[in-house]
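So you can see what is in the structure, the chains are spelled out below.
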Amino acid sequence: MPLRLAIFVSGTGSNARMIIDRFRERPEAGVEVALVVSNKPGAGALAMATERGIPTLVLQRKSFYETEDLLAQLEHFGVNFIVLAGFLWLIPSYLVRAFPRRMLNVHPALLPAYGGKGMYGIHVHRAVKAAGDPESGMTIHYVNEHYDEGDIVYQAAVRLDPDDSPEDIAARVLRLEHANYWRVIARIAEGELGVESDV
Ligand code: GRF
């Protein structure tokens, strides 16, 4: 099933960039990034997308949470799958319902540990460091109405060195995300990982 993605971002967008570039190199994968969406007008990810000729959309909080106007915009761009990549707003239920098992998120830890509200970015890695965990990793999961709680699709772990700082852990985990996020999307497009039930 060809996927037309909207990637939702709040920050740098290094995962978004990786997904865009990997699929541009592989047209046979049947995955096209149709739109990059952000809640932050200044997000670096928007400039990155524009440089690559990909349309962008900036969300207004009131419209995002109080109307369903976004659905028509996604339809306009032919979007049939959503990828969250460092998107920090909670997804409203109308959007979850419109994309059942058709919306993925990547989280920089091995869920269910270190997930939930407030567990994002460096906060996650500081908590991992404080716990003295011997490993961390990344989790790709479907999105429901709760932060970091949808069904897990894929996880990858990395061993930590006791001397690793939270920033070192962040860098190790981000490398895992870059290596794996686009591959998981490719497997979904190939039908190897289900978008309906067979996870
Ligand atoms: C990643 O670590 C991801 O796990 C988290 O936010 C970060 C986004 O980084 N959800 P980037 O914007 O893709 O560089």
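For clarity, every value in this text was computed on a predicted model and none was experimentally measured. (Residues numbered from 1 in each chain as written. Predicted model: local features only at pLDDT ≥ 70, side-chain atom pairs only at ≥ 80, totals over all residues. Heavy atoms only, no water.)

Undergrad: Can you lay out the site of the ligand for me, pointing to particular residues and giving the numbers?
TA: Lining the immediate surroundings of the ligand are Thr12, Gly13, Ser14, Asn15, Gly86, Val106, His107, Pro108, Leu174 and Glu177. Within the backbone of glycine 13, one N or O atom sits 2.8 Å away from an oxygen atom of the ligand. At a separation of 2.5 Å, an oxygen atom of the ligand approaches a polar side-chain atom of serine 14. Coverage of the ligand by the protein chains reaches 81% of its 360 Å² of free accessible surface. (Near = heavy atom within 4 Å. Polar contact = N/O pair within 3.5 Å; in protein donor to acceptor, adjacent residues only side chain to side chain. Areas by Shrake-Rupley, 256 points an atom, 1.4 Å probe, with all protein chains shown as cover.)

Undergrad: Give a detailed account of the packing of aromatic side chains, specifying residues and quantitative values.
TA: Scanning all chains against the criterion turns up seven aromatic pairs. A ring pair is formed by phenylalanine 64 and tryptophan 89, whose centres lie 5.6 Å apart and whose planes are at 35 degrees; its orientation type is tilted. You can see phenylalanine 64 sitting in helix H3 (residues 61–66) and its partner tryptophan 89 sitting in the loop between strand S4 (81–84) and helix H5 (93–98), a full 25 residues away along the chain. The exposure class of tryptophan 89 is buried, given its relative accessible area of 13%. Centroid distance phenylalanine 87 to tryptophan 89: 6.3 Å. Interplanar angle 65 degrees. Geometry classified as edge-to-face. The burial state of phenylalanine 87 is the same as that of tryptophan 89; both residues are buried. Taken together, the ring pairs in this structure connect Phe8, Phe64, Tyr65, Phe87 and Trp89 into an aromatic cluster. Lying over the aromatic face of tryptophan 89, arginine 61 brings its terminal NZ or CZ to 4.6 Å of the ring centre. (Phe/Tyr/Trp six-rings, centres within 6.5 Å; stacked < 30°, edge-to-face > 60°. Helix = DSSP H or I, 4+ residues; strand = E, 2+ residues; numbered from the N terminus. Buried < 20%, exposed > 50% of the residue type's maximum accessible area, 1.4 Å probe, protein only. Lys NZ or Arg CZ within 6 Å of the ring centre and 35° of its normal.)

Undergrad: With reference to specific residues and values, describe the pattern of salt bridges.
TA: In total, this model carries nine salt bridges according to the counting rule given. The closest approach of N and O atoms between aspartate 21 and arginine 52, which form a salt bridge, is 2.8 Å. Of the two residues, aspartate 21 is situated in helix H1 (residues 14–24) and arginine 52 in the loop between helix H2 (44–51) and strand S3 (56–58); the sequence distance between them amounts to 31 residues. The exposure class assigned to arginine 52 is partly exposed, which follows from its relative accessible area of 21%. Here the residues in one salt-bridge network are Asp21, Glu51 and Arg52, joined through shared partners. (Salt bridge = Lys/Arg side-chain N within 4 Å of Asp/Glu carboxyl O.)

Undergrad: I'd like a description of the domain arrangement of the chain, backed by residues and values.
TA: Note on interface size: it is often stated as the accessible area lost on association of the parts. According to the domain assignment, the chain consists of domain 1 (1–100) and domain 2 (106–199). For domain 1 and domain 2, the distance between their C-alpha centroids amounts to 19 Å. Taken residue by residue, the interface counts 24 residues in domain 1 and 17 residues in domain 2. With both sides pooled, the region where domain 1 packs onto domain 2 buries about 1,900 Å², and carbon together with sulfur makes up 71% of that total. Counting every contact that joins domain 1 to domain 2 gives zero salt bridges. For the side of domain 1 that touches domain 2, the element with the most residues is H1, which contributes six residues. By residue class, the composition of the side of domain 1 that touches domain 2 is 18 nonpolar, four polar and two charged. (Domains from an automatic or database assignment. Contact = heavy atoms within 4.5 Å. Buried area = accessible area lost by both parts, 1.4 Å probe. Nonpolar A, V, L, I, M, F, W, Y, C, P; charged D, E, K, R; others polar.)

Undergrad: Which residues make up a negative patch on the surface, and what are the values?
TA: Negative charge collects at one region of the surface, where Asp161, Asp163, Glu167 and Asp168 lie side by side. Structurally, aspartate 168 is set in helix H7 (residues 166–190). (Patch = residues over 30% accessible without salt bridge, like charges linked within 9 Å, V, L, I, M, F, W, Y side chains within 5 Å. Lys, Arg positive; Asp, Glu negative; His and termini not counted. Charge placed at Lys NZ, Arg CZ, Asp CG, Glu CD.)

Undergrad: Give me the lowdown on unusual backbone geometry, citing residues and values where you can.
TA: Look at the link from leucine 111 to proline 112: it is a cis peptide, with omega at 10 degrees. Looking at the secondary structure, you find proline 112 in the loop between strand S5 (103–107) and helix H6 (122–131). For arginine 101, which is not glycine, the phi torsion reads 50 degrees and is therefore positive. Relative to the helices and strands, arginine 101 resides in the loop between H5 and S5. The phi dihedral of tyrosine 114 is positive, around 60 degrees, even though this residue is not glycine. For tyrosine 114, the position within the fold is in the loop between S5 and H6.

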